[in-house]
Each structure stands twice: as structure tokens, then as C-alpha cells.
Amino acid sequence: KSVVSRGQGKPIIAAIVCAQASYLRDHGREIPILLIDDLASELDKAARHISAEAILGIQAQVFFTAIEQSDLPERVGECAQRFHAEQGQISASSG
């Protein structure tokens, strides 16, 4: 029996999602809208970067959530519109 940790599994799942979205795009289907919840959880900086680059590389509309803005790789911030949610209120975030 082989088991991977959650930290090892997240990049694997990201790769599978990217492959599926690319398949849909390449076969004339609509590219799905992706929601990536708490990418930073249980991933080191290198794994976050690799996973984010793969996800951004499929050129889909992507929603990333994070506890702190600094939890997301810089590249996500460079091409993102940011929002802040707190106590049920959502507002545009300037940075």
C-alpha cells in the first residue's frame, strides 16, 4: 500500500486538474473555472510555486484563496485581481 502525505498529494492533484483542463481545451470544450483553496497549506515555497505556475499555465479563470496574501506565489499576485473577505463582507483589495 502506497500513501502520500497531503503535502505530496496537493501537487499531484494540481497536475491532474491541469491535465484535465488542458484536455478539455485541446478537444474544443470550454476550459473550466478553477477554485484553488488554500494552495499554501502544507506546501513549501517551491511546491507552491510549481503548482501555481502549472495552474496559471493552462490560461483558465482561476480563483485562489489564501489566509495571507504572502501565502501565494508572486506570479499569482502579478496577474490577479484581489479581494478581501472578512466577517461576511467582500471588498476589493489594493495589494
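Described in the following lines is the structure provided in the data block. (Residues numbered from 1 in each chain as written. Predicted model: local features only at pLDDT ≥ 70, side-chain atom pairs only at ≥ 80, totals over all residues. Heavy atoms only, no water.)

### Quick notes on the overall build of the chain
Item 1. Per the secondary structure count, the chain includes three helices and four strands.
Item 2. The order of helices and strands in the chain, counted from the N terminus, is α-β-α-β-α-β-β.
Item 3. Principal-axis analysis of the C-alpha atoms places the extent of the chain at approximately 40 × 35 × 25 Å.
Item 4. Going through the 95 residues of the chain one by one, you find that 25% of them count as buried.
Item 5. Counting contacts in the chain only where the partners sit at least 6 residues apart, residues at least 24 apart contribute 56% of the total. (Helix = DSSP H or I, 4+ residues; strand = E, 2+ residues; numbered from the N terminus. Buried < 20%, exposed > 50% of the residue type's maximum accessible area, 1.4 Å probe, protein only. Contact = heavy atoms within 4.5 Å.)

### Examining the pattern of salt bridges
Item 1. Within this structure, the stated rule accounts for three salt bridges.
Item 2. Among the salt bridges present, the one from Arg25 reaches Asp26, with a minimum N-O distance of 3.2 Å.
Item 3. One salt bridge in this structure joins Arg75 and Glu53, with 3.3 Å as the shortest N-O distance. Of this pair, Arg75 sits in helix 3 (residues 74-78) while Glu53 sits in helix 2 (residues 45-57), and the two are 22 residues apart along the sequence.
Item 4. By relative accessible area, Arg75 is classed as partly exposed at 34%. (Salt bridge = Lys/Arg side-chain N within 4 Å of Asp/Glu carboxyl O.)

### Digging into the pairing of strand 3 (residues 83-86)
Item 1. For strand 3 and strand 4 (residues 89-92), the ladder comprises four bridges, and the chain directions are antiparallel. Its bridge partner being in strand 4, Phe83 is matched across the sheet by Ala92.
Item 2. Hairpin connection between strand 3 and strand 4: a loop of two residues separates the two successive antiparallel strands, and Gln87 in this loop has a positive phi of roughly 50°. (Pairing = 2+ DSSP bridges.)

### Points about the side chain of Ser51
Item 1. Relative to the helices and strands, Ser51 resides in helix 2.
Item 2. Relative accessible area serves as the criterion here: at 4%, Ser51 is assigned to the buried category.
Item 3. With residues near it in sequence (within four places) discarded, Ser51 still touches Pro11, Ala14, Leu39 and Leu43.

### Let's talk about helix 2
Item 1. The end-to-end C-alpha distance of helix 2 is 18 Å, a good match for the 18 Å that 13 residues give at a rise of 1.5 Å each.
Item 2. For helix 2, the complete set of buried residues consists of Ala47, Arg48, Ser51, Ala52, Ile55 and Leu56. End-on view of helix 2: buried residues confined to an arc of 155°, all on one side of the axis.
Item 3. Summarising the contacts, the buried residues of helix 2 are in contact with helix 1 (6-26), strand 1 (34-37), strand 2 (62-65) and helix 3.
Item 4. Two residues or fewer after helix 2 comes Gln59, characterised by a positive phi angle close to 60°. (Expected span 1.5 Å × (residues − 1). Arc of directions from axis to C-beta.)

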